[in-house]
Amino acid sequence: MTIELKTQAREWTDPMQRDVVNALRALAMDAVQQANSGHPGMPMGMAEIAEALWRHHLRHNPANPTWVDRDRFVLSNGHGSLLQYALLHLSGYDLPMDEIRRFRQLHSKTPGHPEIGMTPGVETTTGPLGQGISNAVGMAIAEKLLAAEFNRPGFEIVAHHTYVFLGDGCMMEGISHEACSLAGTLGLGKLIAFYDDNGISIDGHVEGWFTDDTPKRFEGYGWHVLANVDGHDGAAVQRAIGAAKAVTDRPSLICCKTIIAKGSPSKAGTHEAHGAALGAKEVAATRAAIGWDHAPFDIPRHVYEAWDARGQGAVYESDWMRSFAEYARNYPAEAREFERRMRGDLPAGFAQRVRELIAVAKQKAQTVATRKASQDAIEGIAPILPELIGGSADLAGSNLTLWSGSRAITAQSGGNYLYYGVREFGMAAIMNGIALHGGFVPYGGTFLTFSDYCRSALRMAALMRIGTIFVFTHDSIGLGEDGPTHQPIEHLATLRLMPNMDVWRPCDTKESIVAWAAAIERRDGPTSLVFSRQGLPFQLRPSAEVENIRRGAYVLLEPDSEPRAVIIATGSEVALAVDAQRLLAQAGIPVRVVSMPSTTVFDRQEESYRDRVLAPHLPCVAVEAGVSDGWRKYVGRSGAVIGIDRYGESAPAADLFRFFGFTPERVAEAVTSALARLALRNKVA
Ligand SMILES: Cc1ncc(C[n+]2csc(CCOP(=O)(O)OP(=O)(O)O)c2C)c(N)n1
Ligand SMILES: [Mg+2]
């Protein structure tokens, strides 16, 4: 079946309905026109779809955007942000018209693309195409898991939908395949997506670059697909939503044929309407064409009244509160736990458990790979932390992300472990969605070298300041024979460059536990935990310094007499630094060894602590099996960095460390050279 869409406005039989929908169109074109920047086409093209969902199906309460059982709404085609702002404003969220007028201006609540934390009612930051739909998959997973864990007969305290708008751009992005394929396998029945099938992307009509049969594609994933819905027929869209809700064992895709910038006489159906203001003349012509004769930003009272969702929203939430109170009487422990989880508080025994694990690690003093130390940390912490949702992108046995209590999440059951398959980017964005939903602390693993595949989702986690935990193992040439494709070189440095991203590269079992604890406690930013494939010896450290591991760097080893130089190392290179220190001691050169598992955390410490650790008056050598640039800020011009500024080689790890100069002799030599340079300079001075 094909459907005919007219470029001009429909013949409206109901003037009220016309006004209600056209308010969205008018706000979009007027705000973009005023800012002279933005994307009017999508909001104008999706106006009827938005009205059908927001006025007839969405369960939300504008007075409380954080009500835990609200439906989640994600605008994956985030360039159409004005649509979301208009919907939030009209439904009664705390987003006054002044903010719409200040669209895209400094410190307005209406940034260019929707940003969480900036605008009440925005659930995730969108704009990088394909990630919104992937976040939504994560949100739907979180809903499903919470429902499985907390709902009881007669008490559906978790029962909400996740709705997503997405366009051709999201469909073309590879990540939409990763996330939607997994969503099909997991049978996420409460996920309902609306495809804005307008045949237009920035470069023009998409026939030249996008000819997928999208309904078939999603049927292939196991989705319930409603094809060929007229996206400008609100009643048809409402019926489709009803049908989508009725299918509870599969996610639904509603494919809506639309016309971009519908209503604009000369720009509708063209890519010119995608990303630029229509222009004053065309805005006027559109007003006439759609029958909207109100001034810009002037919304008549009857339209506001029709959109106002506050009364119904209050009823939704108070009904839920009543049901939850009853639930709490019947299941007090579950209710308390649910509230704790949704607040994001850690359980009371958490800090104590971490202390116990550290004590055990000290007592065992094991030489193990830090990926194994990581697994032991999970094994120790997870039993008291049911919000931990683990996973790996098909490397569970290598990343060691499973623990004895891991239970696979399937279409039929809840659980606490996601087999993400070979989908690194999808995994990262899905984890972000789980974290955004609330109730969970997601962690997921892959090889450090494939952090590149996750990268844009890492950045989004950092931008959104959410507590997603990324587990990256096989952290250097130390992985050996798999060779340069698998050996990370620049990855540690580039992760550290990302604002708000904490990066830990522990050297032994004890530091690994501290790193895990820090990642879990940190709820306002993501953490990358970086672990070795190969065994690393346990380090003895002064007991006074154990607390300082948390500060990102500390004095691991002090020489017998006043140190004359400092060696900084991370992860697998810490043992090397300790060996070099011994060599130097034999040569009569006392040297301090600083272990720096987290540069990002260390950089936040007060100056006096940083100076106490690094002793800036002493020459300094940094050792890390990765690119050297990032270490210059610690060693200064007089110091030296032993790093790797080229790609690796395929060989056994021990051969590679030797080949690339990671030997105690070379580190010791770098220290003596630095001392000699300093002596020469002092003499010249
Ligand atoms: C990952 C990513 N790549 C590129 C862009 C730039 N961009 C924004 S919208 C768009 C085209 C989107 O087409 P479509 O989703 O069909 O939106 P429509 O024009 O129909 O509103 C592009 C390439 C982006 N936002 N994100
Ligand atoms: Mg499009």
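Residues numbered from 1 in each chain as written. Chains lettered and ligands numbered in written order. Predicted model: local features only at pLDDT ≥ 70, side-chain atom pairs only at ≥ 80, totals over all residues. Heavy atoms only, no water.

*Asks:* Give a description of the overall build of the protein that names residues and reports values.
*Replies:* What the protein contains, in helices and strands, is 27 helices and 20 strands. Here the C-alpha atoms of the protein give a radius of gyration of 28 Å, agreeing with the 26 Å that 2.2 N^0.38 yields for 685 residues. Counting only C-alpha atoms and orienting by the principal axes, one finds that the protein spans roughly 95 × 65 × 45 Å. In the protein, which comprises 685 residues, the share counted as buried stands at 62%. Of the contacts made within the protein by residues no fewer than 6 positions apart, 77% connect residues no fewer than 24 positions apart. Of the roughly 25,800 Å² of accessible surface on the protein, a fraction of 52% belongs to carbon and sulfur atoms. Within the protein, the 77 negative side-chain charges are centred at a point lying 4 Å from the centre of the 68 positive side-chain charges. (Helix = DSSP H or I, 4+ residues; strand = E, 2+ residues; numbered from the N terminus. Rg over C-alpha atoms; globule rule 2.2 N^0.38 Å. Buried < 20%, exposed > 50% of the residue type's maximum accessible area, 1.4 Å probe, protein only. Contact = heavy atoms within 4.5 Å. Areas by Shrake-Rupley, 256 points an atom, 1.4 Å probe, with all protein chains shown as cover. Lys, Arg positive; Asp, Glu negative; His and termini not counted. Charge placed at Lys NZ, Arg CZ, Asp CG, Glu CD.)

*Asks:* Describe the pattern of salt bridges, and please don't skip the residues or the numbers.
*Replies:* Counted by the stated rule, this structure contains 37 salt bridges. Across the pair Asp 319 and Arg 322 runs a salt bridge, and its minimum N-O distance is 3.3 Å. Pair noted here: Asp 319 and Arg 322 are both in helix α13 (residues 310-330), with a separation of three residues, about one helical turn. The shortest N-O distance in the salt bridge between Arg 343 and Asp 345 comes to 2.8 Å. For Arg 343, a relative accessible area of 56% puts it in the exposed group. Because the salt bridges share partners, they merge into one network encompassing Glu 149, Glu 337, Arg 340, Arg 341 and Glu 387. (Salt bridge = Lys/Arg side-chain N within 4 Å of Asp/Glu carboxyl O.)

*Asks:* Tell me about the environment of Asp 14, residues and numbers included.
*Replies:* Of note, Asp 14 is situated in the segment before α1 (15-35). The exposure class assigned to Asp 14 is partly exposed, which follows from its relative accessible area of 35%. Sequence spacing of Asp 14 and Leu 385 is 371 residues, and the spatial spacing of their C-alpha atoms is 54 Å. Within the structure, Asp 14 has its side chain in polar contact with the backbone nitrogen of Met 16 (distance 2.9 Å). (Polar contact = N/O pair within 3.5 Å; in protein donor to acceptor, adjacent residues only side chain to side chain.)

*Asks:* Could you give an account of the nonpolar core, with specific residues and numbers?
*Replies:* One finds Trp 516, Ile 567, Ile 568, Val 623 and Phe 662 to be the most contacted residues of the largest nonpolar core, which totals 82 residues. The contact partners of Ile 568, leaving out residues within four places of it in the chain, are Val 594, Met 596, Leu 614, Cys 620, Val 621, Ala 622, Val 623, Trp 631 and Tyr 634. (Core = buried A, V, L, I, M, F, W, Y, C linked by side-chain atoms within 4.5 Å.)

*Asks:* Give a description of the coordination of the magnesium ion (ligand 2) that names residues and reports values.
*Replies:* Coordination of the magnesium ion (ligand 2) by the protein is provided by Asp 168 (OD), Asn 198 (OD1) and Ile 200 (O), with metal-donor distances spanning 2.1 to 2.2 Å. Each donor residue of the magnesium ion (ligand 2) lies on the same chain, and together they follow the pattern D-x29-N-x1-I. Pair noted here: Asp 168 is in helix α7 (residues 168-172) and Ile 200 is in strand β4 (residues 200-201), with a separation of 32 residues, a long-range link. The two residues Asp 168 and Ile 200 agree in class, both being buried. (Donors = N, O, S within 2.8 Å, 3.2 Å for Na, K, Ca; no water.)

*Asks:* Any chance you could break down the side chain of Thr 449 for me, citing the residues and the numbers?
*Replies:* Examined against the element boundaries, Thr 449 turns out to sit in the loop between β11 (441-447) and α19 (451-464). Given the relative accessible area of 7%, Thr 449 is considered buried. At a separation of 3.4 Å, a polar atom in the side chain of Thr 449 contacts the main-chain carbonyl oxygen of Thr 485. Excluding its chain neighbours within four sequence positions, the residues that come into contact with Thr 449 are Thr 485, His 486, Gln 487, Pro 488 and His 491.

*Asks:* Tell me about the packing of α1 against helix α3 (residues 47-56), and please be specific about residues and values.
*Replies:* Interhelical geometry of α1 versus α3 gives an angle of 110 degrees and a closest axis separation of 9 Å. The angle between the axes of α1 and α3 places the two elements in the roughly perpendicular class. Here α1 runs over α3; the crossing is right-handed. Mapping the contact onto sequence places Gln 17, Val 20, Val 21, Leu 24 and Arg 25 in α1 and Ala 47, Glu 48, Ala 50, Glu 51 and Arg 55 in α3. Taken together, the residues of the contact of α1 with α3 sort by class into five nonpolar, one polar and four charged. (Axes fitted to C-alpha atoms, helices over the stretch in contact; angles between N-to-C directions. Parallel < 35°, antiparallel > 145°, perpendicular 65-115°, else oblique. Left-handed = near helix turned anticlockwise from the far one by under 90°. Nonpolar A, V, L, I, M, F, W, Y, C, P; charged D, E, K, R; others polar.)

*Asks:* Describe the sheet that holds strand β3 (residues 191-197), and please don't skip the residues or the numbers.
*Replies:* Each strand in a sheet pairs with another by means of backbone hydrogen bonds, the pair being arranged parallel or else antiparallel. Strand order in the open sheet formed by five strands is β1-β2-β3-β7-β6, and the pairing between neighbours is parallel. Edge positions in the sheet fall to β1 (72-75) and β6 (224-230), since each of these pairs with one other strand and no more. Strand-to-strand twist in this sheet, taken as the mean axis angle between neighbours without regard to direction, amounts to 15 degrees. Looking at chain direction, β1 and strand β2 (residues 162-167) are connected through four bridges and run parallel. Within β2, the position partnered with Val 74 by the bridge is Val 164. Its contacts with the sheet put helix α10 (residues 234-246) on β2, β3, β6 and β7 (252-257), and the angle it makes with β6 is roughly 175 degrees. (Pairing = 2+ DSSP bridges.)

*Asks:* Help me get a handle on the pairing of β6, residues and values and all.
*Replies:* Of all seven residues making up β6, five are buried, and the element is well covered by its neighbours. Where β6 and β7 come together, five bridges link them in parallel fashion. Note that in β7 the partner of Val 225 across the bridge is Leu 253. With respect to chirality, the unit in which β6 leads through α10 into the neighbouring parallel β7 is right-handed. (Right-handed = clockwise from strand over helix to strand, strands pointing away.)

*Asks:* Describe a positive patch on the surface, with residues and values.
*Replies:* Taken together, the side chains of Arg 632, Arg 637, Arg 677 and Arg 681 define a basic patch exposed on the protein surface. Note that Arg 637 resides in the loop between α25 (632-635) and β20 (640-642). Judged by relative accessible area, which is 82%, Arg 637 ranks as exposed. (Patch = residues over 30% accessible without salt bridge, like charges linked within 9 Å, V, L, I, M, F, W, Y side chains within 5 Å.)

*Asks:* Summarise the site of ligand 1; cite the residues concerned and give the values.
*Replies:* Around ligand 1 sit 15 residues in total, of which His 79, Gly 169, Asn 198, Ile 200 and His 274 are the nearest. Between ligand 1 and Ile 200 there is a distance of 2.8 Å, counted from an oxygen atom to a backbone nitrogen or oxygen. Between ligand 1 and the protein, one listed contact pairs an oxygen atom with a side-chain N or O atom of His 274 at 2.5 Å. For ligand 1, whose accessible area on its own is 590 Å², the fraction buried by protein is 74%. Contributing elements (two or more residues each) for the shell around ligand 1: α7 and β4. Per-class residue counts for the shell around ligand 1 are six nonpolar, seven polar and two charged. (Near = heavy atom within 4 Å.)

*Asks:* Can you tell me about the side chain of Ser 201, naming the residues and giving the values?
*Replies:* Mapped onto the elements of the fold, Ser 201 is located in strand β4. A polar side-chain atom of Ser 201 sits 3.0 Å from a polar atom in the side chain of Trp 209. Filtering out sequence-adjacent residues up to four positions away, Ser 201 remains in contact with Met 172, Val 206, Trp 209 and His 271.

*Asks:* Account for the sheet that holds strand β14 (residues 527-531), naming residues and giving values.
*Replies:* Read across the open sheet, the six strands follow the order β10-β9-β11-β12-β14-β13; overall the sheet is parallel. Strands with a single pairing partner mark the edges of an open sheet, and in this sheet they are β10 (417-419) and β13 (502-504). Recorded for the sheet is a direction-independent mean angle of 20 degrees between the axes of neighbouring strands. Sitting on the sheet, α19 is in contact with β11 and β12 (469-473), with an inclination near 155 degrees to β12.

*Asks:* Pulling in residues and values, what's your account of the packing of aromatic side chains?
*Replies:* Taken as a whole, this structure holds 24 aromatic pairs when the rule is applied. An angle of 45 degrees between the planes, with centres 6.4 Å apart, marks the rings of Tyr 163 and Phe 194 as tilted. Of the two residues, Tyr 163 is situated in strand β2 and Phe 194 in strand β3; the sequence distance between them amounts to 31 residues. Taken individually, Tyr 163 and Phe 194 each receive the classification buried, so the pair is uniform in this respect. Centre to centre, the rings of Phe 659 and Phe 660 are 5.0 Å apart; their planes meet at 80 degrees, and the pair counts as edge-to-face. You can call Phe 659 exposed: its relative accessible area is 54%. Take Phe 660: its relative accessible area is 9%, and that puts it in the buried class. Through pairs of rings, three or more aromatic residues link up here, namely Trp 67, Phe 150, Phe 155, Trp 320, Phe 324, Tyr 327, Tyr 331 and Phe 338. Above the face of the Tyr 316 ring, Arg 59 is positioned so that its terminal group lies 5.2 Å from the ring centre. (Phe/Tyr/Trp six-rings, centres within 6.5 Å; stacked < 30°, edge-to-face > 60°. Lys NZ or Arg CZ within 6 Å of the ring centre and 35° of its normal.)

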